[in-house]
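The lines below spell out each chain.
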Amino acid sequence: MAFGTERTAARGAEAREVFDAGLRAHMLRVYNYMATGLALTGIVAFAAARYGLYEALAGTPLIWVVMLAPLGFVFFLSFKIQSMRASTAQTLFWAFAGIMGLSIAGIFLVFTGASIARVFFITAGTFAAVSLWGYTTKRDLTGMGSFLFMGLIGIILASVVNMFLASSALHFAISVIGVIVFVGLTAYDTQRIKNEYAEWHDSETSSKLAIMGALRLYLDFINLFMILLQFLGDRR
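Reference entry: report on the structure contained in this document. (Residues numbered from 1 in each chain as written. Predicted model: local features only at pLDDT ≥ 70, side-chain atom pairs only at ≥ 80, totals over all residues. Heavy atoms only, no water.)

Regarding the overall build of the chain
We count it as follows: The helix count covers DSSP runs of H or I at least four residues long, the strand count covers runs of E at least two residues long, and both are numbered beginning at the N terminus. Partly exposed residues are those whose accessible area sits between 20% and 50% of the maximum for their type, while under 20% is buried and over 50% is exposed, using a 1.4 Å probe and protein chains only. Any two residues whose heavy atoms approach within 4.5 Å at even a single point are treated as in contact. Only the protein chains shown count as cover for residues, with accessible areas throughout obtained via the Shrake-Rupley method and a probe of 1.4 Å. In this charge count, Lys and Arg are treated as positive and Asp and Glu as negative; neither His nor the chain ends contribute. Taken as the charge centre is NZ of Lys, CZ of Arg, CG of Asp or CD of Glu, depending on the residue.
Helix and strand counts for the chain stand at nine helices and zero strands. Counting from the amino terminus, helix and strand elements in the chain follow one another as α-α-α-α-α-α-α-α-α. Reported as C-alpha extents along the three principal axes, the dimensions of the chain are approximately 80 × 35 × 30 Å. Counting across all 236 residues of the chain, residues that qualify as buried make up 40%. Intrachain contacts of the chain at a sequence separation of at least 6 include 85% that bridge at least 24 residues. Of the roughly 13,300 Å² of accessible surface on the chain, a fraction of 70% belongs to carbon and sulfur atoms. Averaging the coordinates of the 17 positive side-chain charges in the chain and doing the same for the 13 negative ones gives two points 4 Å apart.

Structure (structure tokens):
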């Protein structure tokens, strides 16, 4: 009996070690996708601003296509990823990161390069700390999801309203709430990615989950960065 119990415990411990190693590899893949996507976005944004492409587009109706295209990519990937190959999803993610860079290239014309770099590192440090907490905490963050989603919808609606009101007080409130929402989403999405792997860790599904996880964390990072840039960036 004792030997049988020990063998069962040993097999359980071995299976757990294999699972933990697979989870770490999966999370590393997610972060690598996200980091590479951010790097691509930054390169495209800098080049578009540096060589006048963004300014050329800004004077034409095409700028609306550029601004709305990232949203189209997000919706398309979210709804269609289950029916496409992992390699196709990865290609679309890189395309999304590139077009996102083009859409935010204007920050290099509005803010100084030094302040953009400073805010980027502040965002990276905040993101890393919160994402690590989301990965390691034993607290179930599922209940935060609906609350944060409602906060995100509220931010979008308030931003649309403020386009007409142009209220500095409302803009400040939106920014403060936005920081809270995207910090919370970073922790929530990290735990969600971890839990998704526990449910689906076969090779093909895991690859798709890594791409979608990277997309969610990328959006959390880029939105947090853009909000903090409004607070901390030095304008030209």
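Quick notes on the packing of aromatic side chains
Here is the rule: Pairing of aromatic rings covers Phe, Tyr and the six-membered ring of Trp, with a centre-to-centre limit of 6.5 Å; geometry is then stacked below 30 degrees between planes, edge-to-face above 60, and tilted otherwise. Whether a charge lies above a ring is judged from NZ of Lys or CZ of Arg, which has to be within 6 Å of the ring centre and within 35 degrees of the ring normal.
This structure, assessed with the given rule, holds twelve aromatic pairs. Aromatic side chains Phe93 and Tyr218 sit 6.3 Å apart centroid to centroid with 80° between the ring planes, which places their arrangement in the edge-to-face category. One end of the pair, Phe93, is in helix α4 (residues 86–103); the other, Tyr218, is in helix α9 (residues 203–232), with 125 residues separating them in the sequence. Summarising the burial analysis for this pair, Phe93 and Tyr218 share the class buried. Within the aromatic cluster, the residues linked to one another by ring pairs are Tyr33, Phe93, Trp94, Phe96 and Tyr218. The cationic tip of Arg50 hangs over the ring face of Tyr51; the distance from NZ or CZ to the ring centre is 5.5 Å. Across from the ring centre of Tyr135, 4.7 Å away, lies the NZ or CZ of Lys194, which sits over that ring.

Quick word on the pattern of salt bridges
Filter applied, for reference: Each salt bridge in this description consists of a side-chain nitrogen of Lys or Arg and a carboxyl oxygen of Asp or Glu lying within 4 Å of one another.
Applying the stated criterion to the full structure yields four salt bridges. For the salt bridge of Glu196 with Arg192, the shortest nitrogen-to-oxygen distance reads 3.4 Å. Linking Glu196 with Arg192, this pair stays in helix α8 (residues 168–199), spanning four residues, or about one helical turn. In this structure Glu196 comes out as buried when scored by relative accessible area, which is 17%. A salt bridge links Arg216 to Glu196, with the shortest nitrogen-to-oxygen separation between them at 3.0 Å. One end of the pair, Arg216, is in helix α9; the other, Glu196, is in helix α8, with 20 residues separating them in the sequence.

Here's the deal with the environment of Val160
With respect to the helices and strands, Val160 occurs in helix α7 (residues 142–165). Considered as a pair, Val160 and Leu141 are 19 residues apart in the sequence and their alpha carbons are 29 Å apart.

Looking at helix α3 (residues 62–80)
Put simply, the test is: Multiplying 1.5 Å by the helix residue count minus one yields the expected span of that helix. Note that the bend at a residue is defined as the angle between axes fitted to the seven residues ending at it and the seven residues starting at it.
The first and last C-alpha atoms of α3 sit 26 Å apart over 19 residues, in line with the 27 Å expected at 1.5 Å per residue. Along α3, the largest kink reaches about 35° and is centred on Leu68; proline Pro70 follows within four residues of it.

Considerations on the packing of helix α6 (residues 113–136) against α8
Note the threshold: Lines are fitted to the C-alpha atoms to define the axes, a helix being fitted only along its stretch in contact, and any angle between axes, read from their N-to-C directions, falls within 0 to 180 degrees. Should an angle lie under 35 degrees it is considered roughly parallel, over 145 roughly antiparallel, and from 65 to 115 roughly perpendicular; all remaining angles are considered oblique. Helix crossings fall into two classes, left-handed where the near helix is turned counterclockwise from the far one by less than a right angle and right-handed where it is turned clockwise. Note on residue categories: nonpolar means Ala, Val, Leu, Ile, Met, Phe, Trp, Tyr, Cys or Pro, charged means Asp, Glu, Lys or Arg, and polar means any other residue, Gly included.
Contact geometry of α6 with α8 gives a least axis separation of 8 Å together with a crossing angle of 45°. Classed by the angle they form, the pair α6 and α8 counts as oblique. Crossing handedness for the pair α6 and α8: right-handed. Facing α6, whose interface residues are Thr126, Phe127, Val130, Ser131, Trp133, Gly134 and Tyr135, α8 presents Val183, Thr186, Ala187, Thr190, Gln191 and Lys194. Classifying every residue of the contact of α6 with α8 by side-chain character gives six nonpolar, six polar and one charged.

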